[in-house]
Amino acid sequence: MSPADKENPLIVTKISPVTEIEPFPFEPVPHAGMHEGLVLKVHSGQFIVHADADKASQPHTLHCTLRGNLKKKFTYSSSGSQPRRVTRAKQPRHADVVAVGDRVRYTTEDEQTGVIEEVLPRTTRFARSAFRGREQTLVTNLDQLVIVFACVEPNPDLWRIDRWIVAAESNGLEPLIIANKRDRTDEATFQERFEEYARIGYRVIATSAKQTIGITELRAALRGRVSAFTGPSGVGKSSLLNSVQPELKLDTGEIGLVTFKGRHTTTVRELIPLETGGWVADTPGLRNLELLAMSREELLEGFIEFAAALETPCRFRNCIHENEPGCSLKAAVANGQISQRRYDSFLLLARELEAGR
Ligand code: GDP
Ligand code: ZN
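Conventions we followed
Residues numbered from 1 in each chain as written. Chains lettered and ligands numbered in written order. Predicted model: local features only at pLDDT ≥ 70, side-chain atom pairs only at ≥ 80, totals over all residues. Pairing = 2+ DSSP bridges. Helix = DSSP H or I, 4+ residues; strand = E, 2+ residues; numbered from the N terminus. Core = buried A, V, L, I, M, F, W, Y, C linked by C-beta atoms within 7 Å. Buried ≥ 20, exposed ≤ 12 C-beta atoms within 10 Å, placed from the backbone. Contact = placed C-beta atoms within 7 Å. Near = placed C-beta within 6 Å. Nonpolar A, V, L, I, M, F, W, Y, C, P; charged D, E, K, R; others polar. Expected span 1.5 Å × (residues − 1). Axes fitted to C-alpha atoms, helices over the stretch in contact; angles between N-to-C directions. Parallel < 35°, antiparallel > 145°, perpendicular 65-115°, else oblique. Left-handed = near helix turned anticlockwise from the far one by under 90°.

Our next topic: the pairing of strand S15 (residues 269-273). The pairing of strand S2 (residues 34-43) with S15 spans two bridges and is antiparallel. The residue of S15 that forms the bridge with Lys 41 is Glu 270. Direction of pairing for S15 relative to strand S16 (residues 279-282): antiparallel, over a ladder of four bridges. Across the sheet, residue Ile 272 finds its bridge partner in S16, namely Val 280. Hairpin connection, S15 to S16: the antiparallel pair is bridged by five residues, and Gly 277 has positive phi, about 90°.

Written out as C-alpha cells, the structure reads:
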C-alpha cells in the first residue's frame, strides 16, 4: 500500500443516480459547431478530451476548459411556474462535474483547445470517500473491472477478490478475474484457488506477464471497452499492462504518462488508449478498497450465486442469514449449493460494513 492509499482509505460506493447532475438552466442544443468526445484526463481545471470525430483517422485530443455555467450546481424553485428559477448555485469541485470517462459535448476555440458545454449522462460512476467523507469521483462509464490477483507470491486472499466482485456488481460493472503469475504455480493450485469463480459464472484468465501466458486473451478481453485494473500491489498489474501494450512503460514513472508506479498519483487519473481499441483507466485510488458503503441487501446482490437460494424465502422476513432457523441461504450452504467459503466471505464483509457505520 502506498502512503497515499493509507491516508485515504477507500470507500467504493454505489453509483449515484444520473440525476445527480441537475439539468442546466439553458440546455445547449447540439449544433454544427458542437462536437462529442471522451474525457481522458482531468488536471487542475483542465480537461483533455479525445475527439470522437477523429476516431477513424488521427487520434486527436484537445485541451478544454469548462463553460462557466457547468461549474455550478443549480437548485431550482419547486413551484410549478415556468420557467423554473434558479434559487441556489453551488460551486462543486471540478471532479464532481466532469470526471475521467465522461462523454461530453464541446465547442472548439482552435485546433487544440475547446470548451466543454455539456456532460452526457453517466452509465456508471466509481467514487471514493475522500477528505472528510466527501465523495470524489474517480472514473465514470467503465465497462469492466479487471480484478488482478496472483496465484502465488502473494497468495490471494479470496475474500478480497469477493470484495472486489461486490464492488463491481454494485456498480454495474462486469468483473474480469485475472490469476497472474501462473508460471509460479501448478495447475492444481491454480484450480483450487480460482476454479470456484469460473463455476459461479465469472470469467477467469490465467496469465503470466513473465512467460507471456494468457496475454492474447487478456488483450482481447480489453478490446473496445473501458476497463479499470485493480488488485493488491505486487500481483503484477503494471507488468500485465506492459505486456498488453509494451509502450505504456508503466515502470518508468514518466510525468504525464501512466502512474501505477508514480508517487504523486492521487490527483492524476486518466484513460489510456489501447492500440487494439478500448481504454484502460489509470485510477490509483482504485487499487485499494477498504470498505463498501452499502446495505446487507445490496451486499447479497454482489454474491450472484446466492440469488437462486434466496428465491425460497427464509422463515423470517428480516433474516440476516446468520443464526436464524429456517434460513434458505444457510440451507444452501449445508447442501453444498453455495460454498462455505463464499458464505464466510459474505459474513466477513457484512461485519466489515456494519463496523464502518
Ligand atoms: P503491481 O504492483 O501489481 O503493479 O505489480 P508489478 O507489475 O510491479 O509486479 C510485482 C512483481 O511481480 C515484479 O517483481 C514483477 O516482475 C513480478 N511479476 C509480475 N508478473 C509476474 C508473473 O506473471 N510471473 C512472475 N513470476 N512474476 C511476475
Ligand atoms: Zn436467511
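The next point concerns the nonpolar core. Across soluble globular proteins, nonpolar side chains have a tendency to be buried as a group. Residues Val 39, Val 49, Ile 147, Ile 177, Ile 178 and Ala 281 are the most contacted members of the largest nonpolar core, which totals 70 residues. Ignoring anything within four residues of it in the chain, the contact list for Ile 147 reads Ile 161, Trp 164, Ile 165, Pro 175, Leu 176, Ile 177, Ile 178, Thr 230 and Gly 231.

What follows deals with the site of ligand 1. Close to ligand 1 lie 15 residues; Lys 210, Gly 236, Lys 237, Ser 238 and Ser 239 are nearest. Element by element, the count of residues in the shell around ligand 1 is highest for helix H6 (residues 237-244), at three residues. Residues that form the shell around ligand 1 fall into these classes: three nonpolar, seven polar and five charged.

Right, let's talk about helix H3 (residues 158-170) for a bit. With 13 residues, H3 ought to run about 18 Å at 1.5 Å a step, and its terminal C-alpha atoms sit 18 Å apart, in line with that. Where H3 is concerned, the buried positions are Ile 161, Asp 162, Arg 163, Trp 164, Ile 165, Val 166, Ala 167 and Ala 168.

Turning our eyes to something else, we now look at the environment of Phe 194. Topologically, Phe 194 is positioned in helix H4 (residues 187-200). When the C-alpha positions of Phe 194 and Val 204 are compared, they lie 7.4 Å apart, and in sequence the two are 10 residues distant. Setting aside chain neighbours within four positions, we find Phe 194 in contact with Ile 177, Ala 179 and Val 204.

The description of two packed helices rests on the angle between their axes and on the distance between the axes. At their nearest, the axes of H3 and helix H10 (residues 340-355) sit 10 Å apart, and the two run at 70° to each other. Our classification of the angle between H3 and H10 gives roughly perpendicular. You can see that H3 and H10 cross each other, and the crossing is right-handed. Together, Leu 158, Trp 159, Asp 162, Arg 163 and Val 166 of H3 and Arg 341, Arg 342, Ser 345, Leu 348 and Leu 349 of H10 make up the contact between the two elements.

With respect to the helices and strands, Leu 347 occurs in helix H10. On the basis of neighbour counts, which here come to 13 C-beta atoms within 10 Å, the residue Leu 347 falls in the partly exposed class. Along the chain, Leu 347 and Ile 320 lie 27 residues apart, while their C-alpha atoms are 9.7 Å from each other.

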